[in-house]
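Below are the chains, spelled out letter by letter.
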Amino acid sequence: DVDQITSSNLVVRPHAEFANALSVDAIIYNRAAFAQPFPLLQLNFMDDSQQVLASRNFSPQEYLGGELAGRSSMPAQTPIRIALDVLVPDARATGYNLRFLSPE
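Cut-offs used in this document
- Residues numbered from 1 in each chain as written.
- Predicted model: local features only at pLDDT ≥ 70, side-chain atom pairs only at ≥ 80, totals over all residues.
- Heavy atoms only, no water.
- Core = buried A, V, L, I, M, F, W, Y, C linked by side-chain atoms within 4.5 Å.
- Buried < 20%, exposed > 50% of the residue type's maximum accessible area, 1.4 Å probe, protein only.
- Helix = DSSP H or I, 4+ residues; strand = E, 2+ residues; numbered from the N terminus.
- Salt bridge = Lys/Arg side-chain N within 4 Å of Asp/Glu carboxyl O.
- Contact = heavy atoms within 4.5 Å.
- Pairing = 2+ DSSP bridges.
- Axes fitted to C-alpha atoms, helices over the stretch in contact; angles between N-to-C directions.

J.: Where do I start with the nonpolar core in this structure?
T.: In a soluble, globular protein the nonpolar side chains are often hidden away together inside. Counting residues in each nonpolar core, the largest one holds 21 residues, and the members touching the most others are Ile28, Tyr63, Ile82 and Leu98. Of all the elements in the fold, those that place two or more residues in this core are β1 (5–14), β2 (21–30), β4 (40–46), β7 (79–87) and β8 (95–101).

J.: Help me understand the pattern of salt bridges in this model?
T.: Side-chain pairs of opposite charge can arise whenever the charged atoms involved come near each other. Tallying each qualifying case throughout the model produces four salt bridges. Several salt bridges share partner residues, and in doing so they unite Arg13, Asp25 and Arg81 into one network.

J.: Looking at this structure, how should I read the environment of Gly95?
T.: Considering the arrangement of structural elements, one finds Gly95 in strand β8. Linking Gly95 and Val52, residues 43 residues apart in sequence, is a C-alpha distance of 9.3 Å. With sequence-adjacent residues up to four places away left out, Gly95 is seen in contact with Asn44, Phe45 and Met46.

J.: What am I meant to see in the pairing of β4 here?
T.: Where a strand is regular, its side chains alternate between the two sheet faces. For β4, a buried count of six out of seven residues is recorded, marking the element as mostly surrounded by other parts of the structure. Across seven bridges, β4 lies against β8 in antiparallel orientation. Across the sheet, residue Leu41 finds its bridge partner in β8, namely Phe100.

J.: Explanation requested: the sheet that holds β7 in the structure shown.
T.: Strand pairing in a sheet relies on backbone hydrogen bonds. The paired strands run either parallel or antiparallel. Taken together, three strands build an open sheet; the order of strands is β1-β2-β7 and the sheet is antiparallel. Strands at the two margins of the open sheet, each flanked by one partner only, are β1 and β7. Taking each pair of neighbouring strands and ignoring which way they run, the sheet shows an average axis angle of 20°. Examined bridge by bridge, β2 and β7 share nine bridges and lie antiparallel to one another. Within β7, the residue paired with Asp25 across the bridge is Ala83.

Spelled out as structure tokens, the structure:
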């Protein structure tokens, strides 16, 4: 139930080591009372009129690390920090968001 998954503290900033790259950090949280499969993450970059200029989906294998690497089930009521590295999108991008998609 991806409607039960939320994010907070979404921050996009220039990458510390690589030119033309960004670091994306967020906390995702399964608000459901039950564990469920980790979702696909969709990172979107938009222009001033909220038109999507660039988008990328990340599988759990791409965004899970540390003790959660390789797990398929997202624990209930547990904040999970994620970190992604992406290329700088279209120069017209002024906003971004994170969406959750069903892994099925």
